[in-house]
Amino acid sequence: MRKKANNPKETTYDIESYRRKKKREKRIRRLLQLLAVLLLVGGAAGFFYLYSRYDLGALLQSGQAQSDASASQSGTVQTGSFPVYLDAVSPLEIELFGDGMILLTNEEAAVLGGDGSVSSQFVHTYTNPVLRTGDSRYLLYDRGGYGYRVQNARETIAEGRTTDTILSGACGHDSTFALVTSASRYAGSVQVYGKNGRELLSWYSSEQIIDLAFSPDDRYLAVATVVFDNAGSLNARVHLFDLDREEEVASADFSDAVPLAVNILEGGAVHLVTDTFLGILSEDFSEQSKVPYLQTLRKYQFSHTATLLVTSSANEVSSTLSLVSENGEKKEQTVRNSVTDVSLSSEGLCVLAGGSARVYSPELEMVQTEQVANDVFQILYSGGEIYTMSSSMLDQLSRASGETDSASSAPAQTSSEEGSDE
């Protein structure tokens, strides 16, 4: 047996202890490496989950807004009065919203009051932003993309990202919204959402979906599609869904027509704008009629009670305004010049034509005319005020005494005949 050395400078090695120490260090390194891998995988999975379900850019902006009370004014639209200068952005459109309006640019959406004050705004980062408005909320989505957001005048109601490409959408007037997306093995699908983004209905269609609209009480949804009959002709079809029952309750066809837009009015009737006529369906779809266009359709606009049609001849020397009620009664007014834009509201309508903004009463009698700048391309009529938008400015016209340009318009003509039966 070997004796232990007495020399204090001599070192004795315990081989087994050394091996156990090395194994322990090796296990610790492997455990740390495994934890690092798990953290990376978990982080990546969490990122992709959030990316697929939510608009991360919007979430970051929302968080910043909550941490800073002034963040809601951090966009390029910073004003408390008119004019609103738009030098740093490209304006796309303005839409009526409550007592004010929504301004959409290539970078952001902003809710403005009638005095020009900004109540809310956010940077959307969408490539092809599309705005749809209701009575108390609005929907903004990225056509051809995946992001969407629903807002009221001051805060976000719902936001996220779809798994399929967004094709179209509609905003309800109180608590609903809908998105049309691409769908494997289908022409498209419709998803309807209620309060806080809860899904109410999902419908898959083999027909090309063109447009959709909610009833003023948000109970019904009309979906316009285009179909081919057995002879190969194009037909317009309207599907009606009862959201309380969560099912389709009616459908109707208009032959030889291409649908453009659909609307449900206060009384329950459905108006369908096509390429050659305005189709009218009764509340239960048991009756249908047509209001044909005498000239080429140029523009249209809906309200809760009527549909405004703008038609003109090929040379557009003059235009005809047709205001069609729920049951097909029609009032008409002739306007010299081609019409650049129209704005329909409860007070009447405003027409941008020939370098002027012309206000008409609900009976289509001219009550006011104002000259506008040559670069104005859109107008808005709200609360008796006229708002104009050019590429560099959103402004409010001063109220005039209401001079009437009798040479520019003829007395309104009222037709009480309903559209001819199909």
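Before reading further, recall that the structure is shown in the block above.
Residues numbered from 1 in each chain as written. Predicted model: local features only at pLDDT ≥ 70, side-chain atom pairs only at ≥ 80, totals over all residues. Heavy atoms only, no water.

Asker: Requested: an account of the overall build of the protein, with residues and values cited.
Answerer: Helices and strands together make up the secondary structure of the protein, namely 2 helices and 34 strands. Among the 422 residues that make up the protein, the fraction classed as buried is 45%. With an accessible surface of roughly 21,800 Å², the protein has 48% of that area assigned to carbon and sulfur atoms. (Helix = DSSP H or I, 4+ residues; strand = E, 2+ residues; numbered from the N terminus. Buried < 20%, exposed > 50% of the residue type's maximum accessible area, 1.4 Å probe, protein only. Areas by Shrake-Rupley, 256 points an atom, 1.4 Å probe, with all protein chains shown as cover.)

Asker: Outline the pattern of salt bridges, supporting the account with residue identities and numerical values.
Answerer: A full pass over the atoms with the stated rule returns 7 salt bridges. For Asp242, the salt bridge is made with Arg219, and the minimal N-O distance between the two is 2.8 Å. With Asp242 in strand β16 (residues 234-242) and Arg219 in the loop between β14 (208-214) and β15 (220-228), the pair connects residues that are 23 residues apart, well separated along the chain. The closest approach of N and O atoms between Asp253 and Arg237, which form a salt bridge, is 2.7 Å. With Asp253 in strand β17 (residues 247-255) and Arg237 in strand β16, this residue pair connects regions lying 16 residues apart in the sequence. By relative accessible area, which is 30% here, Asp253 ends up partly exposed. Its relative accessible area of 22% is what places Arg237 among the partly exposed residues. Taken together, the shared-partner salt bridges in this structure form one network comprising Glu207, Arg237 and Asp253. (Salt bridge = Lys/Arg side-chain N within 4 Å of Asp/Glu carboxyl O.)

Asker: Tell me about the nonpolar core, and name the residues and values.
Answerer: Here is a general trend for soluble globular proteins: nonpolar side chains tend to be buried in one another's company. Grouped together as the largest cluster of nonpolar side chains are 17 residues, with contacts concentrated most on Val238, Val262, Val270, Leu272, Leu281 and Phe285. Mapped onto this core, the elements with two or more residues apiece are β15, β16, β17, β18 (259-264), β19 (270-274) and β20 (277-281). (Core = buried A, V, L, I, M, F, W, Y, C linked by side-chain atoms within 4.5 Å.)

These figures come from the coordinates and say nothing about function on their own.
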